[in-house]
Amino acid sequence: MSPLVSFRQVATRIGQKDILCNLSFEVEAGETLVLLGRSGSGKTTALKMVNALLLPSAGEVLIEDRPTTRWDPIGLKRRTGYVIQEGGLFPHFTVAANVGLVPRLEGWPSPKIEARVESLLNQVGLPPAQFAQRYPRELSGGQRQRVGIARALAADPPLMLLDEPFGALDPVTRVELQHMLIDLRDKLGKTALLVTHDVREALLLGTRIGVLHNGRLAFFGGRSDFLKAQDEEVRAFHTCLGDTWKDSI
Amino acid sequence: MLARDIVDLTLEHLYLVGVSMGIAASLAIPVGILLTRRMFLQRWVLGFANVMQTVPSLALFGFLIPLPFLGGIGKHTAIVALVLYALLPILRNTLTGILAVDPTVRESAVAMGMTGRQLLWEVELPLATRTILAGVRIATVTTIGTATIAAAIGGGGLGVFIFRGLASVDTTLLLAGAVPAALIAVAADRGLEWVEQKLSPV
């Protein structure tokens with residue numbers, strides 16, 4: 001089976017600065033690929049190329065074998081779930097309206113949207129009776145992020161993009177949501193591309209890990225390879241893990 | 001007799017303000033939206049509106065008199081001048097309101113697959129409503145005051161009392177113009193504040 005997403009020698013520059021350089025990798029259907037990197041490593045830029053929020057200046061990004069430049073940009077975005085830090089929820093929409101957005105844009109009949117919203121809110125642990133009619137400002141950070149995930153799943157997209165989805169949460173809530181995401185992913189069989197600077201998150205969620213450093217791929221592979229890798233940038237991330245993890249390296 | 005005149009001129013005043021604000025809002029809001037899409041036009045359009053705002057009002061009314069179509073003596077010249085004055089606050093607030101929409105909200109709207117039009121109508125305008133209406137409110141209150149000068153070029157309104165009172169040094173006449181104008185301004189301010197609260201989605 002061909003990969004769901006493939007980057008082929010992708011490069012992009014803003015002004016004089018190369019943001020991404022000769023980036024090539026693939027995301028297989030069903031896996032969770034984590035792009036790990038420091039701030040400014042180009043990981044968010046890479047993520048935004050997948051749903052054509054950005055287009056490469058050289059090379060191409062293929063989604064189901066078709067370059068993003070040849071997809072209908074609106075259609076591609078509607079069939080790709082997108083979760084960002086702090087959720088990016090619409091403050092003037094209720095939780096139900098936020099979650100039901102893409103189905104509504106896609107013209108689903110409203111009873112079908114309502115049923116979908118209800119089932120999704122249950123799946124992310126927000127009982128609809130209690131939460132559907134609330135506004136984002138009436139939610140905690142963790143609850144907002146649950147809504148963000150439900151919204152990304154609403155139109156049942158094959159691929160989810162997550163940009164530091166848990167970055168703004170307290171550690172306890174973060175772990176809760178990470179496990180919820182694992183459960184959802186396993187249950188729904190979604191492919192996910194997640195961007196983070198948190199090496200523990202990468203090891204917890206990633207079936208494979210790509211390490212980005214200054215716009216280049218410093219490492220790409222499975223978890224055990226990541227822990228054995230000797231690349232300087234990867235070792236910099238190893239040191240973040242502390243002593244408890246050292247034994248497994 | 002005076003009571004009767006007060007009612008008539010107040011209605012005329014309301015007419016001047018109402019028509020001017022209607023025209024100003026229907027010009028400035030769309031142009032303000034356009035400016036958020038075509039940033040390079042901002043300097044020119046805001047520059048024009050700024051200049052209009054700095055021309056002393058009596059002079060502006062005077063300048064308009066010799067112009068064909070727009071000018072002359074009477075109500076429509078007064079309305080043109082009032083519209084020119086009201087443009088800036090509405091333009092500026094439309095621009096500010098839309099540009100102040102949280103970039104992450106805008107980005108997620110685009111990433112969800114909203115078209116440009118959906119982004120405008122479903123996200124940007126609702127979130128900017130409060131700021132845009134605040135601009136309309138400022139412009140309205142100012143226009144109620146400025147409209148008293150319309151009487152200088154035969155535009156009518158409560159300014160008629162004020163100019164007549166000034167000419168004849170008659171305080172009663174002056175107050176007959178100034179007090180209703182002030183009351184209308186306060187009422188409009190309160191009323192539009194209420195509308196702002198009602199229409200704002202957040």
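Note that the coordinates shown come from a computational prediction; the quantities given were computed from them, not determined experimentally.

Comments concerning the overall build of chain B
- A count of helical and extended segments in chain B gives 8 helices and 0 strands.
- Counting helices and strands in the order they occur from the N terminus, chain B gives α-α-α-α-α-α-α-α.
- With respect to the three principal axes, the spread of C-alpha positions in chain B is 65 × 35 × 20 Å.
- Burial status across chain B gives 48% buried among its 202 residues.
- Considering only contacts within chain B whose residues lie at least 6 apart along the sequence, 73% involve residues at least 24 apart.

Concerning the sheet that holds strand S10 (residues 216-221) of chain A
Residues and elements named next belong to chain A.
- Spatial strand order, S6-S7-S8-S3-S9-S10: 6 strands in an open sheet with mixed pairing. The sheet is open, and its two borders are formed by strand S6 (80-84) and S10, each paired with just one other strand. Strand-to-strand twist in this sheet, taken as the mean axis angle between neighbours without regard to direction, amounts to 15 degrees.
- Sheet topology note: the strand S7 (residues 159-163)/strand S8 (residues 191-196) ladder contains 5 bridges and is parallel. The residue bridging Leu162 from the neighbouring strand is Leu194, located in S8.

Looking at a nonpolar patch on the surface
- Among the surface-exposed residues, Val7, Leu11 and Leu14 of chain B lie close enough to one another that they form a single nonpolar patch of about 270 Å² accessible area.
- Along the chain, Val7 of chain B falls in helix H1 (residues 2-37).

Some words on the nonpolar core
- Counting 46 residues, the largest nonpolar core has Leu36, Val99, Ile149, Met160, Ile209, Val211 and Phe226 of chain A as the members making the most contacts within it.
- If we skip the residues at most four places from it in the chain, Ile209 of chain A touches Leu33, Val34, Leu36, Ala202, Leu203, Phe219, Phe220, Gly221, Arg223 and Phe226 of chain A.
- In this structure, Leu46, Leu84, Leu173 and Ala181 of chain B belong to the second largest nonpolar core, which totals 44 residues.

Let's talk about the sheet that holds strand S5 (residues 66-67) of chain A
Residues and elements named next belong to chain A.
- Spatially, 4 strands are ordered S2-S1-S4-S5 in an open sheet, and the strand pairing comes out antiparallel. Bordering the open sheet on either side are strand S2 (17-27) and S5, each of which pairs with just one other strand.
- Note: strand S4 (residues 58-63) against S5, 2 bridges, orientation antiparallel. Bridge pairing in S5 places Leu62 opposite Pro67.
- Lying on the sheet, helix H1 (residues 43-50) is in contact with strand S1 (5-14), S2 and S4; it crosses S1 at an angle near 125 degrees.

With respect to unusual backbone geometry
All names here are of chain A.
- Phi at Asp65 is positive, roughly 70 degrees, even though this residue is not glycine.
- With respect to the helices and strands, Asp65 occurs in the loop between S4 and S5.
- Of note, the phi angle at Glu164 is positive, near 45 degrees, even though the residue is not glycine.
- By the secondary structure assignment, Glu164 is in the loop between S7 and helix H8 (171-188).
- Given a relative accessible area of 10%, Glu164 falls into the buried group.

Things to note about the interface of chain A and chain B
- With 20 residues of chain A in contact, the opposing surface of chain B contributes 18 residues.
- Of the roughly 1,700 Å² buried between chain A and chain B, counting both surfaces, carbon and sulfur atoms make up 67%.
- A per-residue breakdown of the area chain A buries against chain B is headed by Phe90, His92 and Leu105 of chain A, which together make up 29% of the total.
- On the surface where chain A and chain B come into contact, there are 2 salt bridges.
- A salt bridge links Glu122 of chain B to Arg104 of chain A, with the nearest nitrogen and oxygen atoms 2.6 Å apart.
- Across the chain A-chain B interface, the total number found is 7 residue pairs in polar contact (both at pLDDT 80 or more).
- Counting residues per element, the ones that place at least two in the side of chain A that touches chain B are helix H2 (73-78), S6 and helix H4 (101-105) of chain A.

With respect to the confidence of the model for chain B
All names here are of chain B.
- On average, chain B scores 90 in pLDDT, and the residues at 70 or more come to 100%.
- Mean pLDDT values over the elements of chain B span from 83, in helix H3 (residues 57-64), up to 94, in helix H6 (residues 116-146).
- Across the interfaces of the predicted complex, the ipTM metric reaches 0.87, alongside a pTM of 0.85.

Structural notes on the environment of Arg185 of chain A
Residue and element names in this part refer to chain A.
- Structurally, Arg185 is set in helix H8.
- Judged by its relative accessible area of 16%, Arg185 falls in the buried class.
- Sequence separation between Arg185 and Thr32 is 153 residues, and the spatial gap between their C-alpha atoms is 8.5 Å.
- Residues contacting Arg185, with those up to four places away along its chain left out, are Thr32, Lys190 and Leu205.

With respect to the side chain of Thr68 of chain A
- Position of Thr68 of chain A among the secondary structure elements: in the loop between S5 and H2.
- With residues up to four places along the chain from it excluded, the contact list for Thr68 of chain A reads Met49, Val50, Ala52, Leu55, Pro56, Val61, Ile63 and Leu76 of chain A.

Description of the pairing of S6 of chain A
Residue and element names in this part refer to chain A.
- The buried count for S6 comes to 5 of 5 residues, which makes it a mostly enclosed element.
- Both faces of S6 are covered, namely the face carrying Thr80, Tyr82 and Ile84 and the face carrying Gly81 and Val83.
- Inspection of the sheet shows S6 paired to S7 by 5 bridges, in the parallel sense. Each bridged residue has a counterpart across the sheet, and for Ile84 the counterpart in S7 is Asp163.

Quick notes on the rules
Residues numbered from 1 in each chain as written. Chains lettered and ligands numbered in written order. Predicted model: local features only at pLDDT ≥ 70, side-chain atom pairs only at ≥ 80, totals over all residues. Heavy atoms only, no water. Helix = DSSP H or I, 4+ residues; strand = E, 2+ residues; numbered from the N terminus. Buried < 20%, exposed > 50% of the residue type's maximum accessible area, 1.4 Å probe, protein only. Contact = heavy atoms within 4.5 Å. Pairing = 2+ DSSP bridges. Axes fitted to C-alpha atoms, helices over the stretch in contact; angles between N-to-C directions. Patch = residues over 30% accessible without salt bridge, like charges linked within 9 Å, V, L, I, M, F, W, Y side chains within 5 Å. Areas by Shrake-Rupley, 256 points an atom, 1.4 Å probe, with all protein chains shown as cover. Salt bridge = Lys/Arg side-chain N within 4 Å of Asp/Glu carboxyl O. Core = buried A, V, L, I, M, F, W, Y, C linked by side-chain atoms within 4.5 Å. Buried area = accessible area lost by both parts, 1.4 Å probe. Polar contact = N/O pair within 3.5 Å; in protein donor to acceptor, adjacent residues only side chain to side chain. pLDDT = per-residue confidence, 0-100.

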